[in-house]
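Structural overview for review
One letter stands for each residue in the lines below.
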Amino acid sequence: MNEHIAIIDPDVVMSRSMSQRIMHLIPDSKVSLYTPDAIMNDESLCLAEGIIFYDEMGTDPDLLLRHTADSTHPHLIPLQSAGTEGRRLLTGTELSRMIREASADLRYESPDTG
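About the cut-offs
Residues numbered from 1 in each chain as written. Predicted model: local features only at pLDDT ≥ 70, side-chain atom pairs only at ≥ 80, totals over all residues. Heavy atoms only, no water. Core = buried A, V, L, I, M, F, W, Y, C linked by side-chain atoms within 4.5 Å. Buried < 20%, exposed > 50% of the residue type's maximum accessible area, 1.4 Å probe, protein only. Helix = DSSP H or I, 4+ residues; strand = E, 2+ residues; numbered from the N terminus. Contact = heavy atoms within 4.5 Å. Polar contact = N/O pair within 3.5 Å; in protein donor to acceptor, adjacent residues only side chain to side chain. Expected span 1.5 Å × (residues − 1). Arc of directions from axis to C-beta. pLDDT = per-residue confidence, 0-100.

Let us look at the nonpolar core. With 14 residues, the main nonpolar core has Ile-5, Met-18, Ile-22, Ile-51, Phe-53 and Ile-99 as its most contacted residues. Only β1 (4-8), α1 (12-25), β3 (51-54) and α4 (92-109) provide two or more residues apiece to this core. The element contributing the most residues to this core is α4, with 4 residues. For Ile-22, the contacting residues outside a window of four places in its chain are Ile-5, Ile-7, Ser-29, Val-31, Phe-53, Leu-95 and Ile-99. Core analysis: the second largest hydrophobic core is formed by 10 residues, Ala-6, Ile-39, Leu-45 and Tyr-54 among them.

Inspection of the secondary structure assignment puts Ser-29 in the loop between α1 and β2 (30-34). Taking relative accessible area as the criterion, Ser-29 reaches 8% and is therefore assigned buried. Among the polar contacts made by the side chain of Ser-29, one reaches the main-chain carbonyl oxygen of Ile-26 at a distance of 2.7 Å.

Along the chain, Ser-19 falls in helix α1. Ignoring sequence-local partners within four residues, the contact set of Ser-19 consists of Ile-7, Val-31 and Leu-33.

In this model, α1 (14 residues) spans 20 Å end to end at C-alpha, consistent with the 20 Å of a helix rising 1.5 Å per residue. Of all the residues in α1, the buried ones are Ser-15, Met-18, Ser-19 and Ile-22. The buried residues of α1 occupy one face: seen down the axis, they fall within an arc of 105 degrees. Relative to its buried face, α1 has exposed residues pointing more than 90 degrees away, namely Val-13, Arg-16, Gln-20 and His-24. Among the residues of α1, the N-terminal cap falls to Asp-11, whose side-chain oxygen and the backbone nitrogen of Val-13 are separated by 3.1 Å.

Here we take up the confidence of the model for the protein. Averaged over all residues, the pLDDT of the protein is 80; the fraction at 70 or higher stands at 77%. Least confident of the elements in the protein is α4, whose mean pLDDT is 74; most confident is β2, at 95.

In structure tokens form, the structure reads like this:
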């Protein structure tokens, strides 16, 4: 599984830690790190990643979609628990499962398959 993954979060330390965990779990993945400010302030930024973990408290999903390539339909995964103010506690198993499910969804939706 050669996945391109973005992490968008204001906490750079958390993003780096999550990136390292992903690369440990899925060694052939490529992870890019962004801050919500970079997304909001750089109109030319184009997100080509198929899976995007994002801080839903500071990042508008519609804004993320405006920054993706027209042919890209990324799988967006919020880093906050629904209905709470706390971050999701993503274990390695849960993180790996979420990436694999998103990857399977992307392959299923791809017009190149079939």
